[in-house]
Amino acid sequence: KLLIFGLTAFVTLLAIIYATNLTPIYKSNALFTAPDNNSMIHINKLQFTKELKDSVFSSFLTTLSSKQFQTKVFLDGGYLALFNPEKNSIDNTAIFISKILKSVNLSRPSLNTKDIKLGFLNEIPYSISMEGSKPELISRYLNELVDRADEKVINDFIKNSNQKVSIRLKEILLEREALILKAKQSRLNEIVVLKDAATIAKSLGIVNNNFSQIGDENITSNLIIAIGDNQTLPDWYLYGEKALLERANILSNRENDEPFIPELVKLESEKLKLESILNIDITDANSMQLNQMASAPKNPIKPNKRMIVMLAFIGSFIMSILLALIMGALRPDEQAA
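Further remarks concern the overall build of the protein. Counting secondary structure elements, the protein contains twelve helices and four strands. Expressed as a percentage of its 337 residues, the buried residues of the protein come to 28%. The long-range fraction of contacts in the protein, counting pairs at least 24 apart against all pairs at least 6 apart in sequence, stands at 81%. Counting only carbon and sulfur atoms, one obtains 56% of the accessible surface of the protein, whose full area is about 22,300 Å².

As a further point, take helix α10 (residues 240-253). Helix length check: α10, at 14 residues, gives a terminal C-alpha distance of 20 Å against a target of 20 Å (1.5 Å per residue), a fit within 8%. Those residues of α10 not exposed but buried are G240, E241, L244, A248 and L251. All buried residues of α10 lie within an arc of 135° about the axis, which places them on one face of the element. Residues of α10 that are exposed and point over 90 degrees away from its buried face: K242, I250 and N253.

Moving on to the sheet that holds strand β2 (residues 105-107). Read across the open sheet, the four strands follow the order β2-β3-β1-β4; overall the sheet is antiparallel. The strands lining the two open edges of the sheet, one partner per strand, are β2 and β4 (289-292). Going from strand to strand, the sheet's axes swing by 25° on average, the running direction of each strand aside. The pairing of strand β1 (residues 26-33) with β4 spans three bridges and is classified as antiparallel. Considered in β4, the bridge of T33 is made with Q289.

Next up on the list: the packing of aromatic side chains. In this structure the tally under the stated criterion is nine aromatic pairs. Measuring from ring centre to ring centre gives 5.9 Å for F74 and Y141, while their planes differ by 70°; the resulting arrangement is edge-to-face. One end of the pair, F74, is in helix α4 (residues 67-76); the other, Y141, is in helix α8 (residues 135-203), with 67 residues separating them in the sequence. The buried category is assigned to Y141, whose relative accessible area is 0%. Among the aromatic residues, ring-to-ring pairing joins F32, F57, F60 and Y126 into one connected group. Here the basic side chain of R254 rests over the ring of F260, its NZ or CZ set 3.8 Å away from the ring centre.

We now examine the packing of α4 against α8. Direction vectors running N to C along α4 and α8 enclose 115°, while the axes themselves pass 10 Å from each other. Crossing of α4 against α8: the hand is right-handed. Taken together, the residues of α8 that come into contact with α4 (itself represented by F69, Q70, K72, V73, F74 and D76) are Y141, E144, L145, R148, A149 and K152. Of the residues assigned to the contact of α4 with α8, the class counts are six nonpolar, one polar and five charged.

Our focus in this paragraph is the nonpolar core. Counting 38 residues, the largest nonpolar core has F32, F60, I128, M130 and Y141 as its most contacted members. For this core, the elements supplying multiple residues, two or more each, are β1, α2 (37-43), α3 (53-65), α4, α6 (93-101), β3 (126-132) and α8. If you tally residues by element for this core, the top one is α8, at eleven residues. When near neighbours in sequence (up to four residues on either side) are disregarded, M130 contacts Y26, K27, S28, F83, I100, L101, S103, V104, I138, Y141 and L142. Among the nonpolar cores identified, the runner-up in size contains eleven residues, and L194, A198, I206 and Y237 belong to it.

Here helix α11 (residues 263-277) is 15 residues long and its end C-alpha atoms lie 22 Å apart, about the 21 Å a rise of 1.5 Å per residue gives. Buried residues belonging to α11 abut α8.

What follows deals with the pattern of salt bridges. All chains considered together, the criterion is met by eleven salt bridges. The partner of K152 in a salt bridge is D156, with the nearest N and O atoms 2.9 Å apart. One end of the pair, K152, and the other, D156, are both in helix α8, four residues apart, so they sit about a helical turn from each other. Its salt-bridge partner being E270, residue R168 comes within 2.7 Å of it at the nearest N-O pair. Highlighted residues: R168 in helix α8 and E270 in helix α11, separated in sequence by 102 residues. Through salt bridges with shared partners, a single network forms among R168, E171, E175 and E270.

So, about the side chain of D150. Counting through the fold element by element, D150 comes out in helix α8. Buried within the structure, D150 lacks any salt-bridge partner; its nearest side chain of opposite charge belongs to R148, at an N-O separation of 11 Å. Ignoring any residue separated from it by four or fewer positions in sequence, one finds D150 in contact with F60, N286, S287 and M288.

Another point: the pairing of β3. Most of β3 is tucked away: five of the seven residues are buried. Pairing between β1 and β3: seven bridges, direction antiparallel. Note on β3: the bridge partner recorded for A30 is I128. In terms of strand pairing, β2 meets β3 through three bridges, oriented antiparallel. Opposite N105, over in β3, you have S129 as the bridge partner.

Calculation notes
Residues numbered from 1 in each chain as written. Predicted model: local features only at pLDDT ≥ 70, side-chain atom pairs only at ≥ 80, totals over all residues. Heavy atoms only, no water. Helix = DSSP H or I, 4+ residues; strand = E, 2+ residues; numbered from the N terminus. Buried < 20%, exposed > 50% of the residue type's maximum accessible area, 1.4 Å probe, protein only. Contact = heavy atoms within 4.5 Å. Areas by Shrake-Rupley, 256 points an atom, 1.4 Å probe, with all protein chains shown as cover. Expected span 1.5 Å × (residues − 1). Arc of directions from axis to C-beta. Pairing = 2+ DSSP bridges. Axes fitted to C-alpha atoms, helices over the stretch in contact; angles between N-to-C directions. Phe/Tyr/Trp six-rings, centres within 6.5 Å; stacked < 30°, edge-to-face > 60°. Lys NZ or Arg CZ within 6 Å of the ring centre and 35° of its normal. Left-handed = near helix turned anticlockwise from the far one by under 90°. Nonpolar A, V, L, I, M, F, W, Y, C, P; charged D, E, K, R; others polar. Core = buried A, V, L, I, M, F, W, Y, C linked by side-chain atoms within 4.5 Å. Salt bridge = Lys/Arg side-chain N within 4 Å of Asp/Glu carboxyl O. Lys, Arg positive; Asp, Glu negative; His and termini not counted.

Encoded structure:
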């Protein structure tokens, strides 16, 4: 009896001391689903952006699960010092961070049969969890990680849209310049044609226009030329030298061709629309819906100290009984010897 109780008590005491000195590990998690319709409306206000919920949410999940992004948030948030309050020397920062972030896990929780039958969930939420010995820090890090991932996705949509808008604005500027250059060249060509027509009119003695003589049967002028059906009167005959030179002079003195280019109106309208898009604020939009923020857990998930002590007690009790039985079985042989 002394052996049994003594050995059991000793091993159990060692187990209690061991379990007491083990570092408790906590687990915190945050839940989220795809963005709502209001956020999608804001996101799709951007030019060249026609996104669906799944594509936006997929971008968020990809960013959130990126180890590179997780490390950036860890460093930017000063968690390197927070997770090393004793300021111990760190030989390799990357390995130190990797060990801490190793427990970060992105998953889609499975529903039990009861939850599925109830059907109160329209969408199964995704979960990101993290384990560690500092419950306040891991929950704080998870919340910052989710917020930063959401912010990055929205900012990336804005950045990509603005880049495309800037490219299109440059294209509009080039198209505008090309139209103006084309209009100028057309005007110069027309001036040459008018001056040539004026030279012909002068050589034929046609100084003024002949509009009044067209269709007048009582006028028999040598200046009226015979033209067939479906033919137009030449400018040198119709307008005369004086009008042609005046028209050429007006075109030569024109300082701005823009009012005479109808295509510029459409380009200007598109330009104003694109410039207004650059000022659209969609910072209130989200790439996900946060269902549950990460909170500091009160109870550790491991180690199970009760289980350790219980196993030590039962194991030592059984082993001590077996040992006592063995010793009892050997004792008669010793007396006989």
